Amino acid sequence: MKRTARGKKMSGYLERHLLVAMPGMGDPRFARSVIYMCSHNAEGAMGLVLNKPYPGLSFPSLLRQLSIETTVDSNIIVRSGGPVETGRGFVLHSTDYMQPGSVPIDERRGIGLTATLDVLRAIATGSGPQHRLFALGYAGWSAGQLDTELQQNGWLTVPADFDLIFDSELDSLWERSLGALGVQISHLSAVAGHA
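Cut-offs and rules
- Counting of residues starts from 1 at the beginning of each chain's written sequence and follows it residue by residue.
- pLDDT decides what is reported in this predicted model: residues at 70 or higher carry local features, side-chain atom pairs at 80 or more are listed and counted, and totals for whole chains, interfaces and linings draw on all residues regardless.
- As a rule here, side-chain values come from all non-hydrogen atoms in the structure, and water together with hydrogens is ignored.
- As used in this record, nonpolar core signifies buried Ala, Val, Leu, Ile, Met, Phe, Trp, Tyr and Cys residues forming a set joined through side-chain atoms within 4.5 Å.
- For each residue, the accessible area found with a 1.4 Å probe, counting protein chains only, is set against the maximum for its type, and the residue is called buried under 20%, exposed over 50%, and partly exposed in between.
- Contacts between residues were defined by any pair of non-hydrogen atoms, one from each residue, lying within 4.5 Å.
- By the criteria applied, helices consist of DSSP H or I runs no shorter than four residues and strands consist of E runs no shorter than two, each listed in order from the N terminus.
- Between any two strands, at least two bridges found by DSSP are needed for them to pair.

A. Layout of the nonpolar core. Residues Y36, L92, W155 and I165 are the most contacted members of the largest nonpolar core, which totals 41 residues. When residues no more than four places from it in sequence are discounted, the contact partners of L92 are Y36, C38, L48, I111, G112, L113, H131, R132, L133, I165 and F166. Within the second largest apolar cluster, 16 residues are counted, among which are V91, Y97, V119 and I123.

This is the structure:
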């Protein structure tokens, strides 16, 4: 049974949690990353990086590339969701929008995931979900890979918070996610050991 940073027992899987990179994260693609875990089971894990903007791509220009006309001014930040399938888009959103192809991720907090063009068309016309973020690509782990990274102290786990997930202040999201645990960055070591 895994434990959170505060030592509480939790189920073996981290769906609906945030992974927060430790300061010594060895993979530069995930340095200071905050990842919302959409799924985690015996076969592997999948999540979306919340705090890394996709370089050089705005949401309006993405809609133009997809020939989707927009009638609303959208301030959505296109995020780099992770290094896997970087040409594939995902909308993590509030469950006020659930259509065929939408997957409920966290019914208690009202979070769903849609990876179809229909959700982008809905957002472009103002009929999409009230809370949403758009990411290209995702973070993926094969069976046991994330468990190994957790044992090597690569990540802290934080219970997901709706407001943090959909927050658009990306520069401070890592620090604020650590703060949700009551952890001060200065107290974290880049090198951790096992007792």
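B. Fine view of the pairing of strand β3 (residues 44-49). Of all six residues that make up β3, six are buried, and the element is covered over most of its length. Neither face of β3 is left uncovered, since the one carrying G44, M46 and L48 and the one carrying A45, G47 and V49 both have all their residues buried. Examined bridge by bridge, strand β2 (residues 34-41) and β3 share six bridges and lie antiparallel to one another. Considered in β3, the bridge of N41 is made with G44.

C. Region of the structure containing the pairing of strand β8 (residues 132-142). With respect to burial, β8 is a largely interior element, eight of its 11 residues being buried. Bridge count for β3 against β8 is four bridges, and the pairing is antiparallel. Directly across from A45, in β8, lies its bridge partner W141. Pairing analysis gives six bridges linking strand β5 (residues 84-94) to β8, with the strands arranged antiparallel. In the strand pairing of β8, F90 is matched with A135.

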